[in-house]
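Each chain, letter by letter, is given below.
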Amino acid sequence: MKVTINGGHYPGRDSGAVGHTGLQEASVTRDMMARVACYLRAISYEVLEVQENVLSHITDASNEFGADLFVSIHCNAANNADAKGTEAFCVQTGGDSEKLAICIQKQIVSSLGTVDRGVKTGNFYVLRLTDCPAVLVETAFISNKDDEKLLADENSLDQFAAAIARGITDYVNELSTFFMESESITLS
Ligand SMILES: [Zn+2]
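Residues numbered from 1 in each chain as written. Predicted model: local features only at pLDDT ≥ 70, side-chain atom pairs only at ≥ 80, totals over all residues. Heavy atoms only, no water.

A.B. asks: Describe the overall build of the protein chain, and please don't skip the residues or the numbers.
C.D. replies: When you go through the protein chain residue by residue, the secondary structure sums to six helices and six strands. When the helices and strands of the protein chain are listed from N to C terminus, the series reads β-α-β-α-β-β-α-β-α-β-α-α. On C-alpha atoms alone, the protein chain measures out to a radius of gyration of 16 Å, which is about the 16 Å that the 2.2 N^0.38 rule sets for 188 residues. Along the first, second and third principal axes, the C-alpha set of the protein chain runs to 60 × 35 × 30 Å. The buried share among the 188 residues of the protein chain stands at 48%. Within the protein chain, residue pairs in contact and separated by at least 24 positions form 78% of the contacts whose partners lie at least 6 positions apart. If you sum the accessible surface of the protein chain, you get close to 9000 Å²; carbon and sulfur atoms cover 49% of it. On the protein chain, the mean spot of the 14 positive side-chain charges and the mean spot of the 26 negative ones are 4 Å from each other. (Helix = DSSP H or I, 4+ residues; strand = E, 2+ residues; numbered from the N terminus. Rg over C-alpha atoms; globule rule 2.2 N^0.38 Å. Buried < 20%, exposed > 50% of the residue type's maximum accessible area, 1.4 Å probe, protein only. Contact = heavy atoms within 4.5 Å. Areas by Shrake-Rupley, 256 points an atom, 1.4 Å probe, with all protein chains shown as cover. Lys, Arg positive; Asp, Glu negative; His and termini not counted. Charge placed at Lys NZ, Arg CZ, Asp CG, Glu CD.)

A.B. asks: Give a description of helix α1 (residues 25–42) that names residues and reports values.
C.D. replies: Counted at 1.5 Å a residue, the expected span for α1 with its 18 residues is 26 Å, and the 26 Å between its end C-alpha atoms agrees. Buried within α1 are the following residues: E25, A26, V28, T29, M32, M33, R35, V36, A37 and L40. Phi for S44, located one or two positions after α1, is positive at around 70°. (Expected span 1.5 Å × (residues − 1).)

A.B. asks: Explain the coordination of the zinc ion to me, and be specific about the residues and the numbers.
C.D. replies: The coordination sphere of the zinc ion contains the protein donors H9 (NE2), E25 (OE) and H74 (ND1), at a distance range of 2.1 Å. Read N to C, the donor residues that coordinate the zinc ion are spaced as H-x15-E-x48-H. Note that H9 is positioned in the loop between β1 (2–7) and α1 and E25 in helix α1, a separation of 16 residues in sequence. Residue H9 is classed as partly exposed on the basis of its relative accessible area of 22%. On the basis of relative accessible area, E25 is assigned to the buried category, the value being 3%. (Donors = N, O, S within 2.8 Å, 3.2 Å for Na, K, Ca; no water.)

A.B. asks: Could you give an account of unusual backbone geometry, naming the residues involved and the relevant values?
C.D. replies: Even without a glycine there, the phi angle at H9 is positive, about 70°. Of note, the phi angle at S44 is positive, near 70°, even though the residue is not glycine. As for its placement among the helices and strands, S44 is situated in the loop between α1 and β2 (46–50).

A.B. asks: Quick rundown of the nonpolar core? Include the residues and the values.
C.D. replies: Counting residues in each nonpolar core, the largest one holds 37 residues, and the members touching the most others are I5, L40, V71, I104, L151, I164 and I168. Looking at this core, the elements with two or more residues in it are β1, α1, β3 (69–76), α3 (96–112), β6 (134–141) and α6 (154–187). The element that contributes the greatest number of residues to this core is α6, accounting for nine residues. I104 has contacts with V71, V135, V137, I164, G167 and I168, leaving out every residue within four places of it along the chain. Listed in part, the eleven residues of the second largest apolar core include V50, F65, V126 and C132. (Core = buried A, V, L, I, M, F, W, Y, C linked by side-chain atoms within 4.5 Å.)

A.B. asks: Go over the pairing of strand β4 (residues 86–90) with me, naming the residues and quoting the values.
C.D. replies: Across the five residues of β4, five count as buried, placing the element largely inside the fold. Of the two faces of β4, the one lined by T86, A88 and C90 and the one lined by E87 and F89 are each fully buried. The sheet contact formed by β4 and strand β5 (residues 116–121) spans four bridges and is parallel. If you follow C90 over to β5, its bridge partner there is T121. Handedness of the crossover joining β4 and β5 through α3 is recorded here as right-handed. In the sheet, β4 pairs with β6 via three bridges, with the strands oriented antiparallel. Note on β6: the bridge partner recorded for A88 is V137. (Pairing = 2+ DSSP bridges. Right-handed = clockwise from strand over helix to strand, strands pointing away.)

Keep in mind these numbers describe shape, not what the thing actually does.
See below:
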């Protein structure tokens, strides 16, 4: 299984959203990306970690790598400082990308206890231009004090990463169960 993990934004060039304490989205996503990659490599997945300032470099790298799945990690931000929680995006509902998004969303919400804002459609460049099921996850709101605390805490970061990795393996396991079932039907 080949998985691309993209940390959103780029430290030093594009900080992404910035929290009340000065915490930068780009460094949070870099940290989570490395941790997710570590969890997936531990179970023998091939992982491409890619964090680039130019979006086409991300999608080109992932497509050249031949990824089976693509996950982009971000932190959300809103003018309303009360807005908080987790949401996951796919370009369209009804396909594999939505299934992957649901698996990741469930794992994050259940292990971190963040507000479940659900799976949504979003016409993001990195989702549109990748050749495989692709999800962009907004882990939590860096603009909300409670969520920002989670994003600044090393243990929580690790829980986010483990949850994303489990979401990915949940999706892969569901797929393989489906294929095993359809194979046994053909054989009998
Ligand atoms: Zn972002």
